[in-house]
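What follows is each chain in one-letter form.
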Amino acid sequence: MTERQINVDSAEIAKFSALAHKWWDKTSEFKPLHEINPLRLDYIDEFAGIHGKSFLDVGCGGGILSEGLAERGATVTGIDLAEKSLKVAKMHQMESGLAVEYRCIPVEELAESAPESFDVVTCMEMLEHVPEPASVIAACMRLAKPGGWVFFSTLNRNAKAYLLAVIGAEYVLNMLPRGTHDYAKFIKPSELGRMARLSGLDTVDVRGMHYNPLTQIYSLGGDTDVNYLMACRKPL
């Protein structure tokens, strides 16, 4: 199977593999993910509920969201194609004692072997790192049970997002390593909504995620100009 067929960018895998040992260092480049994790969890809980549900975390990385879901009482499977990140996730799991099943498998392959297996599917901060985001979205839809929920988060594509997420976060505030994001891969909410609709999902809510550099606090709101989350539901 070729690299294109498994919908992965080897440069992206290499980038995150090089940082893998820092996933759980809350002062590292992954600090923003730790800080937004409670917001992501609350957003998911608002629509789908977490406790007692079966979750698939697509592009789980070092397991920050996966462990958060497990801590709130979910049964969680996390998948990623960066093996070093998964090793870190498993090592941290030994410390936390939280039950998460981690697998190195493409989401499209899992969708073929285990369709309609999960109450909720999450795909956070991943779509802007793959060659074919529509393929990932379609696979997430197939993996959700009828009536199940699918959550996405990504970056909008406009001048404001470029200034804040790339220039600001990577070059001015040094919140992220330079080169973390490729602006050309950012996805407008209308584009994500269309891809979700074409896959068979119904969009229920879109909400922006904001960072205040003065207070250094993240919050959710109506402004989707930069980071945003989308809640979708699979029809019964």
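Refer to the structure above for everything that follows.
Residues numbered from 1 in each chain as written. Predicted model: local features only at pLDDT ≥ 70, side-chain atom pairs only at ≥ 80, totals over all residues. Heavy atoms only, no water.

Considerations on the overall build of the protein chain
Phase 1: Of regular secondary structure, the protein chain possesses 8 helices and 8 strands.
Phase 2: Taken against the 2.2 N^0.38 rule, which gives 18 Å for 236 residues, the C-alpha radius of gyration of the protein chain at 16 Å falls within 12% of a compact globule.
Phase 3: If you line up the protein chain on its principal axes, its C-alpha atoms span 45 × 40 × 40 Å.
Phase 4: Evaluated residue by residue, the protein chain yields a buried proportion of 53% over its 236 residues.
Phase 5: Expressed as a percentage of contacts within the protein chain between residues at least 6 apart in sequence, the contacts between residues at least 24 apart total 70%.
Phase 6: As displayed, the protein chain has an accessible area near 10800 Å², and 54% of this comes from carbon and sulfur atoms. (Helix = DSSP H or I, 4+ residues; strand = E, 2+ residues; numbered from the N terminus. Rg over C-alpha atoms; globule rule 2.2 N^0.38 Å. Buried < 20%, exposed > 50% of the residue type's maximum accessible area, 1.4 Å probe, protein only. Contact = heavy atoms within 4.5 Å. Areas by Shrake-Rupley, 256 points an atom, 1.4 Å probe, with all protein chains shown as cover.)

Some details on the sheet that holds strand β2 (residues 75-79)
Phase 1: With mixed pairing, 8 strands are arranged side by side in an open sheet as β3-β2-β1-β4-β5-β8-β6-β7. Sheet topology places β3 (100-103) and β7 (217-221) at the edges, where each strand pairs with a single neighbour. Here the strands of the sheet are splayed against their neighbours by 20° on average, with no regard to which way each runs.
Phase 2: Bridge analysis of β2 against β3 gives 4 bridges, and the strand direction is parallel. (Pairing = 2+ DSSP bridges. Axes fitted to C-alpha atoms, helices over the stretch in contact; angles between N-to-C directions.)

Remarks on helix α6 (residues 133-143)
Phase 1: Along α6, 8 of the 11 residues are buried, which leaves the element largely enclosed by surrounding structure.
Phase 2: Buried within α6 are the following residues: P133, V136, I137, A138, A139, C140, M141 and L143.

Some points on the pattern of salt bridges
Phase 1: Scanning all chains against the criterion turns up 13 salt bridges.
Phase 2: A salt bridge links K185 to D9; its shortest N-O distance comes to 2.9 Å. Within this pair, whereas K185 is found in the loop between α7 (159-172) and α8 (189-199), its partner D9 is found in the segment before α1 (10-18), the two being separated by 176 residues in sequence.
Phase 3: Salt-bridge contacts for K160 lead to D223; the nearest nitrogen and oxygen are separated by 3.0 Å. Taken as a pair, K160 in helix α7 and D223 in the loop between β7 and β8 (227-233) lie far apart in primary sequence, 63 residues in all. (Salt bridge = Lys/Arg side-chain N within 4 Å of Asp/Glu carboxyl O.)

Re the packing of aromatic side chains
Phase 1: Inspection of every chain in the model, using the stated rule, returns 6 aromatic pairs.
Phase 2: A centroid spacing of 4.0 Å and a plane angle of 15° characterise the contact between W23 and F30, whose relative ring orientation is stacked. F30 carries the same exposure label as W23, and that label is buried.
Phase 3: A centroid spacing of 5.2 Å and a plane angle of 65° characterise the contact between Y43 and F47, whose relative ring orientation is edge-to-face. You can see Y43 and its partner F47 sitting in helix α2 (residues 31-47), 4 residues apart, about one turn around the helix.
Phase 4: Residue classification places Y43 among the buried residues on the basis of a relative accessible area of 1%.
Phase 5: Three or more aromatic residues link up through ring pairs in this structure, and these residues are Y43, F47, W149 and F151. (Phe/Tyr/Trp six-rings, centres within 6.5 Å; stacked < 30°, edge-to-face > 60°.)

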